[in-house]
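Summary of structural features
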Amino acid sequence: MGWIGDAVDSIKSIQIRQLLTQAVSLGMIVTSALIIWKALVCITGSESPVVVVLSGSMEPGFKRGDILFLHMSKDPIRSGEIVVFNVDGREIPIVHRVIKVHEREDSGEVDVLTKGDNNNGDDRLLYAQGQQWLHRHHIMGRAVGFLPYVGWVTIIMTEKPIIKYILIGALGLLVITSKD
Amino acid sequence: MHSFVYRLNGLLTFSVTILAIMCAITSLSDNLHTPSPSAEIQVMNINWFQKQPQGNDEVSLTMNISADLQTLFTWNTKQLFIFVAAEYETPKNSLNQVSLWDAIIPSKEHAKFWIHTSNKYRFVDQGNNLRGKEFNLTLHWHVMPKTGKMFADKIVLTGYSFPEEYR
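Please read all numbers here as calculations on a predicted model, not as lab measurements.

A word on the overall build of chain A. Across its full length, chain A carries four helices and six strands. Along chain A, helices (α) and strands (β) appear in the sequence α-α-β-β-β-β-β-β-α-α when read from the amino end. For 180 residues, the compact-globule estimate of 2.2 N^0.38 gives 16 Å, and chain A exceeds it by more than 25% at 23 Å. Put simply, chain A has 180 residues, and 33% of those count as buried. Taking as baseline every contact in chain A between residues at least 6 positions apart, the subset at least 24 positions apart corresponds to 53%. Total accessible area on chain A stands at roughly 11,300 Å², and carbon and sulfur atoms take up 66% of it. Separation of charge centres in chain A, based on 18 positive and 19 negative side chains, amounts to 4 Å.

Moving on, we come to the UniProt feature "domain: Peptidase S24/S26A/S26B/S26C" (unreviewed entry) in chain A. In the numbering used here, UniProt assigns the feature "domain: Peptidase S24/S26A/S26B/S26C" (unreviewed entry) to residues 37-142 of chain A. Note that residues 37-142 of chain A is 8% helix and 31% strand, and that its end C-alpha atoms are spaced 18 Å apart.

Residues and elements named next belong to chain A. Here His138 is to be found in the loop between strand E5 (110-115) and strand E6 (139-147). Of the residues examined, His138 reaches a relative accessible area of 6% and is grouped as buried. The contacts of His138, once residues within four sequence positions are left out, are Val84, Phe85, Asn86, Asp88 and Gln131.

The next point concerns the UniProt feature "transmembrane region" (unreviewed entry) in chain A. As annotated in UniProt, the feature "transmembrane region" (unreviewed entry) corresponds to residues 20-40, 139-156 and 162-178 of chain A in the numbering used here. A distance of 30 Å separates the end C-alpha atoms of residues 20-40 of chain A, which is 100% helix and 0% strand.

A few words on the interface of chain A and chain B. How large an interface is tends to be reported as the accessible area lost when its parts come together. If you look at the interface, chain A gives 31 residues, while chain B gives 34 residues. With both sides pooled, the region where chain A packs onto chain B buries about 2,600 Å², and carbon together with sulfur makes up 52% of that total. A per-residue breakdown of the area chain A buries against chain B is headed by A:Lys100, A:His102 and A:Phe146, which together make up 20% of the total. Across the contact surface, chain A and chain B share zero salt bridges. Inspection of the region where chain A meets chain B yields 17 residue pairs in polar contact (both at pLDDT 80 or more).

Once that is clear, we can look at the nonpolar core. All names here are of chain B. In terms of nonpolar packing, the biggest core is built from 34 residues, with Leu69, Leu80, Ile82 and Phe123 touching the most fellow members. Broken down by secondary-structure element, the contributors of at least two residues to this core are strand E1 (38-51), strand E2 (57-68), strand E3 (77-88), strand E4 (93-105), strand E7 (134-145) and strand E9 (151-161). Ignoring sequence-local partners within four residues, the contact set of Phe123 consists of Asp57, Glu58, Val59, Ala86, Tyr88, Val98, Leu100, Leu130 and Phe162.

All names here are of chain A. For Gly151, the position within the fold is in the loop between E6 and helix H3 (152-159). Look at Gly151 and you get buried, because its relative accessible area is 0%. Here the alpha-carbon distance between Gly151 and Val51, two residues 100 residues apart in the chain, equals 8.2 Å. Gly151 has contacts with Val52, Gly65 and Ile67, leaving out every residue within four places of it along the chain.

For any pair of aromatic rings, the description consists of the separation of the ring centres together with the inter-plane angle of the planes. Enumeration over the complete set of coordinates arrives at eleven aromatic pairs over all chains. Consider the rings of A:Phe85 and A:Tyr127, whose centres lie 6.1 Å apart with planes at 80 degrees: the pair is edge-to-face. Of this pair, A:Phe85 sits in strand E3 (residues 82-85) while A:Tyr127 sits in the loop between E5 and E6; the two residues are 42 residues apart in sequence, bridging distant segments of the chain. Using a relative accessible area of 0% as the deciding quantity, one classes A:Phe85 as buried. Taken together, B:Phe49, B:Tyr88, B:Phe123, B:Phe135, B:Tyr160, B:Phe162 and B:Tyr166 form an aromatic cluster joined through their ring pairs. Sitting above the plane of the B:Phe81 ring, A:Arg97 keeps its charged end 3.6 Å from the centroid. Geometry around A:Trp133 places A:Arg124 over its ring, the cationic atom sitting 4.7 Å from the centre.

Turning next to the confidence of the model for chain B. Per-chain confidence: chain B averages 88 in pLDDT, with 99% of residues scoring 70 or above. Scored by ipTM, the complex comes to 0.82, with pTM at 0.79.

A word on a negative patch on the surface. On the surface, A:Glu105, A:Asp106, A:Glu109 and B:Glu89 cluster together into a negatively charged patch. Here A:Asp106 lies in the loop between strand E4 (94-104) and E5.

Looking now at the environment of A:Arg78. Residue placement: A:Arg78 occurs in the loop between strand E2 (67-71) and E3. Judged by its relative accessible area of 22%, A:Arg78 falls in the partly exposed class. Residues A:Arg78 and A:Glu103, spaced 25 residues apart in sequence, show a C-alpha to C-alpha distance of 9.4 Å. Setting aside anything within four residues of it in sequence, one finds A:Arg78 in contact with A:Val98, A:Val101, A:Glu103, B:Leu95 and B:Gln97.

About the cut-offs
- Residues numbered from 1 in each chain as written.
- Chains lettered and ligands numbered in written order.
- Predicted model: local features only at pLDDT ≥ 70, side-chain atom pairs only at ≥ 80, totals over all residues.
- Heavy atoms only, no water.
- Helix = DSSP H or I, 4+ residues; strand = E, 2+ residues; numbered from the N terminus.
- Rg over C-alpha atoms; globule rule 2.2 N^0.38 Å.
- Buried < 20%, exposed > 50% of the residue type's maximum accessible area, 1.4 Å probe, protein only.
- Contact = heavy atoms within 4.5 Å.
- Areas by Shrake-Rupley, 256 points an atom, 1.4 Å probe, with all protein chains shown as cover.
- Lys, Arg positive; Asp, Glu negative; His and termini not counted.
- Charge placed at Lys NZ, Arg CZ, Asp CG, Glu CD.
- UniProt positions renumbered as here; feature names shortened; annotations may be inferred.
- Buried area = accessible area lost by both parts, 1.4 Å probe.
- Salt bridge = Lys/Arg side-chain N within 4 Å of Asp/Glu carboxyl O.
- Polar contact = N/O pair within 3.5 Å; in protein donor to acceptor, adjacent residues only side chain to side chain.
- Core = buried A, V, L, I, M, F, W, Y, C linked by side-chain atoms within 4.5 Å.
- Phe/Tyr/Trp six-rings, centres within 6.5 Å; stacked < 30°, edge-to-face > 60°.
- Lys NZ or Arg CZ within 6 Å of the ring centre and 35° of its normal.
- pLDDT = per-residue confidence, 0-100.
- Patch = residues over 30% accessible without salt bridge, like charges linked within 9 Å, V, L, I, M, F, W, Y side chains within 5 Å.

As structure tokens, this is what we get:
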């Protein structure tokens, strides 16, 4: 029973000012991470400037767990570029290479066909029903750089959310129980 | 301030920062390198040249592709993705790029090669504009690094044209 008394004492001894200071520093950390993220979105012109490779369709170039840096510019889409696109109705973006480009003379609009390096066929099977080509508005960005292995953290946290909760719980506990 | 957890935190932060700096420097070192690749493509034969039931022209051809891309490899190169694309203009489209063949070159030893092949991907036009048309064949390469910035370039070879009639 003694440890209950100790716990109650330690809770009573938490000063409000100290608690508020800690809460504010935590808030500062979270908001500065958000600011950096939004700044990246602005600079790269892409809605998600960093994506994690989820499938093996671009092996051996990009393996599952690599992260890609994206950049979107007004430059026209040309064959060979590795683009990230969203198919209508699917939420997970796909990262594949452009193999065919047909650009209209009059409107400048473009029909694009993509294919994963490691796939045998092109992506028409992945597009929406009846869709033969991708258009510019489907494309979220071009891959310009990559880092190997770093994306595994995101994959683990998405596929086993329990690990995410454990991590956040442990961090929260650490922050609360630290003496300074 | 000197507990195990704080030390672990400091160590982890430091090592991640150092790794990130190393990756950035590795990527920057690629800029110091000037490559001098060469390539040649010959169209050996137009196998057939037909109008599909849907109305689009389609052609099948056999090419002889030879290239020396060894100077593109640096210590930071994981592989080279190369492809040959036909580029041409039609009245409706200001640019058409159709990839005919691609390959992955995993190392410098494989970068000097010669291959006799028909087109891996179907060469289909949007319409029937190909008869008698001139086109370029470009050999593109995309350098995929072990870490960092990817870059790409190409060699444009001109002077190819389709036959005047279907065959």
